[in-house]
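Next come the chains, spelled out residue by residue.
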Amino acid sequence: MASLVSCPHCGSRPKEEFTVKGAALKRPAPDAGQERWMDYVYLRDNPRGAYEEYWHHTSGCRRWLVVTRDTATHEIADSRDAALGVPETRA
Amino acid sequence: MSKYRLIHRPALSDKQPFNASGIGLTALPEGHVIHVLAEQGADPSAMLKGLAEQGHSVRYAAPGQWYIVGDEPLADDALAALLTRLTPHAEGVDQSHGRVRILARGPMVERVLAKGSGTDLALSAFVVGRSTTTLIGHIAAHITRVEDHAFEIMVLRGFAESLWDDLAQMSAEFAA
Ligand SMILES: [Zn+2]
């Protein structure tokens, strides 16, 4: 499996053009409490399978993307511009 | 005062252009490069189309971003007039000093660029007038197909010599 990442603006590109930030999680409210914030900042599920991540197309259009990637096969199911919002399901 | 005299010269003035049957490389004149950034929510496409119809070369860069490029340097008043035309849809930033353009032309140009970039540059997928930003080796470059077998490659000035050397090496097998 070649490490290609699809960008909604640029098409299929090698992963070297991108920077991964990590899990695309919903940011808690400022007053959500210390425990929620500890989880948000430090704790990750590390699932085997589908995972939503922020990817930055650093050497391309320089847009932040939310990429739905399978952590076992690297298959990419979806890729969209992060400015369109993070789905509530990952809250 | 500095011990060294500062000499203003084009970034690629030391490079030898070549024009073989397979591929040629030419450093384009360091004229003007204006980075255009749309205001949030604004759609400057009609304004940019008007500029293109008046002879400006407008290159798509990213969502809400374009470059206006040309071989002629812009005098202060011409630059000010152009920046005024962009408002209120967009802002322009003069990058003429910061980005350098290279013309790669020849029937082997896609083969040459394919050695460094993962972008699909087939004529059917990447038509004349289309632009994108991509890595060529380790250097980010903005490429535009300007003819069926010619690309304008724009790169940050500090990377221009390195990219030229890479492109020359990638071209070598077709430039004998
Ligand atoms: Zn992109």
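Refer to the preceding data block for the structure.
Residues numbered from 1 in each chain as written. Chains lettered and ligands numbered in written order. Predicted model: local features only at pLDDT ≥ 70, side-chain atom pairs only at ≥ 80, totals over all residues. Heavy atoms only, no water.

1. Brief notes about the coordination of the zinc ion
Residues and elements named next belong to chain A.
Then, number 1: For the zinc ion, the full set of protein donor atoms is Cys7 (SG), Cys10 (SG), His57 (ND1) and Cys61 (SG), at a range of 2.0 to 2.4 Å.
Then, number 2: Read in sequence order, the donor residues coordinating the zinc ion give the pattern C-x2-C-x46-H-x3-C. Pair noted here: cysteine 7 is in strand 1 (residues 4-7) and histidine 57 is in the loop between strand 4 (50-56) and strand 5 (64-70), with a separation of 50 residues, a long-range link. Grouping residues by exposure puts cysteine 7 and histidine 57 together as buried. (Donors = N, O, S within 2.8 Å, 3.2 Å for Na, K, Ca; no water. Helix = DSSP H or I, 4+ residues; strand = E, 2+ residues; numbered from the N terminus. Buried < 20%, exposed > 50% of the residue type's maximum accessible area, 1.4 Å probe, protein only.)

2. What to know about the nonpolar core
Residue and element names in this part refer to chain B.
Then, number 1: The biggest cluster of nonpolar side chains holds 25 residues, and the ones touching the most others in it are Ile102, Leu113, Ile136, Phe151, Ile153, Leu163 and Leu167.
Then, number 2: Of all elements in the fold, only strand 7 (99-105), helix 3 (109-114), strand 9 (139-147), strand 10 (150-156) and helix 4 (160-171) reach the threshold of two or more residues within this core.
Then, number 3: Here the element with the most residues in this core is helix 4; it accounts for five residues.
Then, number 4: Non-local contacts of leucine 163, meaning those with residues more than four positions away in its chain, are made with Ile102, Ile136, Ile139, Ala141, Ile153 and Val155.
Then, number 5: Ranked by size, the runner-up nonpolar core spans 11 residues in total, among them Ile34, Met47, Ile68 and Leu82. (Core = buried A, V, L, I, M, F, W, Y, C linked by side-chain atoms within 4.5 Å. Contact = heavy atoms within 4.5 Å.)

3. Quick look at the pairing of strand 4 (residues 57-62) of chain B
Residues and elements named next belong to chain B.
Then, number 1: In this sheet, strand 5 (residues 65-70) lies alongside strand 4 in antiparallel orientation, the contact comprising five bridges. By the bridge assignment for strand 5, serine 57 is matched with valine 69.
Then, number 2: Linking strand 4 to strand 5, which pair antiparallel, is a turn of two residues; within it glycine 64 sits at a positive phi near 75°. (Pairing = 2+ DSSP bridges.)

4. Regarding the interface of chain A and chain B
Then, number 1: Counting residues at the interface gives 11 residues for chain A, matched by nine residues for chain B.
Then, number 2: Buried surface at the junction of chain A and chain B, summed over both partners, amounts to about 780 Å²; 53% is from carbon and sulfur atoms.
Then, number 3: For the pair chain A and chain B, the number of links is five residue pairs in polar contact (both at pLDDT 80 or more).
Then, number 4: Taken together, the residues of the side of chain A that touches chain B break down into three nonpolar, four polar and four charged. (Buried area = accessible area lost by both parts, 1.4 Å probe. Polar contact = N/O pair within 3.5 Å; in protein donor to acceptor, adjacent residues only side chain to side chain. Nonpolar A, V, L, I, M, F, W, Y, C, P; charged D, E, K, R; others polar.)

5. What about the pattern of salt bridges?
All names here are of chain B.
Then, number 1: Enumeration according to the criterion identifies 17 salt bridges over all chains in this entry.
Then, number 2: With a closest N to O distance of 2.8 Å, arginine 101 and aspartate 71 form a salt bridge. Taken together, the residues span a long stretch of sequence, with arginine 101 in strand 7 and aspartate 71 in the loop between strand 5 and helix 2 (76-86) at a distance of 30 residues.
Then, number 3: On the accessibility criterion, aspartate 71 (37% relative accessible area) is partly exposed.
Then, number 4: Salt-bridge contacts for lysine 115 lead to glutamate 173; the nearest nitrogen and oxygen are separated by 2.7 Å. Placement of the pair is lysine 115 in the loop between helix 3 and strand 8 (131-136) and glutamate 173 in the segment after helix 4, with a sequence separation of 58 residues.
Then, number 5: For glutamate 173, a relative accessible area of 54% puts it in the exposed group.
Then, number 6: The structure contains a network of salt bridges with shared partners spanning Arg59, Asp71, Arg101 and Glu152. (Salt bridge = Lys/Arg side-chain N within 4 Å of Asp/Glu carboxyl O.)

Read these as spatial facts, not as claims about activity.
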